[in-house]
Amino acid sequence: MRVFVTGASGWIGSATIDELLAAGHEVTGLARSDASAAALQAKGVQVRRGDLDDLASIRAGAEAAEAVIHLANKHDFTNPAVSIAAERGAVQTIGDTLVGTNRPFLLASGVAGLTQGRLATENDPSPFHGPESPRGGSENLALEFVDRGVHSVALRFSPTVHGTGDHGFIAVIAAVAREKGVSGYPADGTNRWAAVHRSDAARMVALGLAKAPAGARLHAVAEEGVPTRDIAEAIGRAFGLPVTSIAPDDVQDHFGWIGTFFSMDLAATSTMTPELLGWTPTGPTLIEDLDAGAYSAHAPVSG
Ligand SMILES: NC(=O)c1ccc[n+]([C@@H]2O[C@H](COP(=O)([O-])OP(=O)(O)OC[C@H]3O[C@@H](n4cnc5c(N)ncnc54)[C@H](OP(=O)(O)O)[C@@H]3O)[C@@H](O)[C@H]2O)c1
């Protein structure tokens, strides 16, 4: 299949294109810089130059492809409105382009905010609708295109897609720990994060392209919920730092923007996804990764 991938140079995207190429797909990746274009070309991926705000390029990429996987995100967590608007615009453009084609359209999503007080499942619809909502309501926007002849599939990643080289949430929390000289967890640290290793997440995306029915919500979840206290203790071991609780009133001040996420219970199951795709996670757990030095072995010395 000719597959157009946005975010192909990213953490999940670069592992995903390896899986797609190994499965025999012809991949075109969106690249916004010379460095990203060169990294894609080195892997044998064709390059379409463009930015998330360059909707003409995204439209042309989707038109020329037999499937689209949308993984790009501005990730401006200090100014979320910017990321949200770009996400909504890109998903609307890809959906509009694919109307009536029945072509696969897989898009990145997450498990945050799906449920309160219980594990989120693939059956839980996203409560986020409209351009002002988290991720611009892009999961529901994409799934609404199913009725218009688009084979939309939501890729709900765990809040940590971990591994060596990760620059995502766990790396940010580890950086806060090093800066503060203490590895903190919010309150009693019993709130949990689902987790998945990058290799398993990428394999799930490739299997999702091959097997997921239109409208499916896939959960890239290998561990249902790792307590934040366990995460903080592993970061403490990795960097030789003391571990402590951070009172709820001090979380924002201590952690900055990541504190909002680190305080949330982001636990989820993945039951239907393995059954649907024949997907079995095999990578190391989050704590195994932390203990093996995935976040500390090559970490720069902090000032
Ligand atoms: N990693 C996780 O733990 C996790 C968890 C839940 C959901 N997700 C979601 O999964 C998706 C992929 O995440 P990731 O961890 O792979 O992200 P990432 O490593 O930050 O990669 C982001 C990708 O988007 C591209 N990009 C950023 N701004 C762009 C712009 N203005 N125009 C065009 N491309 C742009 C980047 O290109 P450059 O390489 O040129 O910078 C990169 O390819 C995202 O939607 C993310 O929110 C990730």
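Preceding this section is the structure that the text describes.
Residues numbered from 1 in each chain as written. Predicted model: local features only at pLDDT ≥ 70, side-chain atom pairs only at ≥ 80, totals over all residues. Heavy atoms only, no water.

**Q** If you had to explain empty space enclosed by the protein to someone new, which residues and values would you point to?
**A** Enumeration over the complete set of coordinates arrives at one cavity of 30 Å³ or more. The computed volume of the largest cavity comes to approximately 50 Å³. Lining the largest cavity are V111, A112, G113, L114, T115, Q116, G117, R118, A120, D265, L266 and A267. (1 Å grid on protein atoms, 1.4 Å probe; cavity = no way out; pocket = protein on both sides within 12 Å on 5 of 7 lines; lining within 4 Å. Points joined across faces, edges and corners; volume = space filled by probe spheres on them.)

**Q** Tell me about the sheet that holds strand β5 (residues 104-110), and name the residues and values.
**A** Across the sheet, seven strands lie side by side as β3-β2-β1-β4-β5-β6-β10; this open sheet has parallel pairing. Edge positions in the sheet fall to β3 (46-49) and β10 (217-220), since each has one partner strand and no second. Across the sheet, the mean angle from the axis of one strand to that of its neighbour is 20°, orientation sign disregarded. Relative to β10, strand β6 (residues 151-157) runs parallel, the two sharing four bridges. Bridged to A154 within β10 is R217. Contacts from helix α3 (residues 55-63) reach β1 (2-6), β2 (26-31), β3 and β4 (67-70), with the element oriented near 150° to β3. (Pairing = 2+ DSSP bridges. Helix = DSSP H or I, 4+ residues; strand = E, 2+ residues; numbered from the N terminus. Axes fitted to C-alpha atoms, helices over the stretch in contact; angles between N-to-C directions. Contact = heavy atoms within 4.5 Å.)

**Q** Requested: an account of the packing of helix α1 (residues 11-22) against helix α7 (residues 198-211), with residues and values cited.
**A** Where α1 contacts α7, the two axes come as close as 8 Å, and the packing angle between them is 55°. If you check the angle between α1 and α7, you find them oblique. For α1 against α7, the interelement crossing comes out right-handed. Taken together, the residues of α7 that come into contact with α1 (itself represented by W11, S14, A15, T16, E19 and L20) are R198, S199, A202, R203, V205, A206 and L209. (Parallel < 35°, antiparallel > 145°, perpendicular 65-115°, else oblique. Left-handed = near helix turned anticlockwise from the far one by under 90°.)

**Q** I'd like to hear about the side chain of S36, residue by residue, with values.
**A** Note that S36 resides in helix α2 (residues 34-42). Look at S36 and you get buried, because its relative accessible area is 16%. In this structure, S36 is in contact with S9 and A31, ignoring residues within four places of it in sequence. (Buried < 20%, exposed > 50% of the residue type's maximum accessible area, 1.4 Å probe, protein only.)

**Q** Outline helix α6 (residues 169-180), listing residues and values.
**A** Helix length check: α6 (twelve residues) gives 17 Å between terminal C-alpha atoms against 16 Å at 1.5 Å per residue, within 8%. Burial in α6 covers these residues: F169, I170, I173, A174, V176 and A177. Axial view of α6: buried residues confined to an arc of 155°, hence all on one face. G181, located one to two residues past α6, shows a positive phi value of around 75°. (Expected span 1.5 Å × (residues − 1). Arc of directions from axis to C-beta.)

**Q** So what's going on with the packing of aromatic side chains? Which residues, and what values?
**A** Per the stated rule, a full pass over the model turns up nine aromatic pairs. Pairing F169 with W193 gives two aromatic rings, centres 5.9 Å apart and planes at 50°, and the pair type is tilted. With F169 in helix α6 and W193 in strand β9 (residues 192-197), the pair connects residues that are 24 residues apart, well separated along the chain. Consider the rings of W257 and F261, whose centres lie 6.3 Å apart with planes at 85°: the pair is edge-to-face. Given the relative accessible area of 29%, W257 is considered partly exposed. By way of ring pairs, the aromatic residues F77, F169, W193, F255, W257, F261 and F262 are connected into one cluster. The side chain of R198 reaches across the aromatic face of W11, ending 4.0 Å from its centre. (Phe/Tyr/Trp six-rings, centres within 6.5 Å; stacked < 30°, edge-to-face > 60°. Lys NZ or Arg CZ within 6 Å of the ring centre and 35° of its normal.)

**Q** How would you summarise the sheet that holds strand β11 (residues 223-227) if you had to cite specific residues and measurements?
**A** With mixed pairing, three strands are arranged side by side in an open sheet as β7-β9-β11. Looking along the sheet, the strands with just one partner apiece sit at the ends: β7 (160-162) and β11. Sheet twist, expressed as the average angle between the axes of neighbouring strands with direction ignored, equals 45°. Sheet topology note: the β9/β11 ladder contains three bridges and is antiparallel. For W193, the partnering residue across the bridge sits in β11 and is V226. Across the sheet, α7 lies against β7 and β9, angled at about 75° from β9, the strand it touches most.

**Q** Pulling in residues and values, what's your account of the site of the ligand?
**A** If you check the shell around the ligand, you find 23 residues, and the closest are S9, R32, S36, H75 and R135. In the model, an oxygen atom of the ligand is placed 3.0 Å from a nitrogen or oxygen of the G10 main chain. The separation between an oxygen atom of the ligand and a polar side-chain atom of R32 is 2.7 Å. Coverage of the ligand by the protein chains reaches 86% of its 900 Å² of free accessible surface. At the level of secondary structure, the elements contributing two or more residues to the shell around the ligand comprise α1, β5 and β7. A breakdown of the residues in the shell around the ligand according to their chemical character gives nine nonpolar, ten polar and four charged. (Near = heavy atom within 4 Å. Polar contact = N/O pair within 3.5 Å; in protein donor to acceptor, adjacent residues only side chain to side chain. Areas by Shrake-Rupley, 256 points an atom, 1.4 Å probe, with all protein chains shown as cover. Nonpolar A, V, L, I, M, F, W, Y, C, P; charged D, E, K, R; others polar.)

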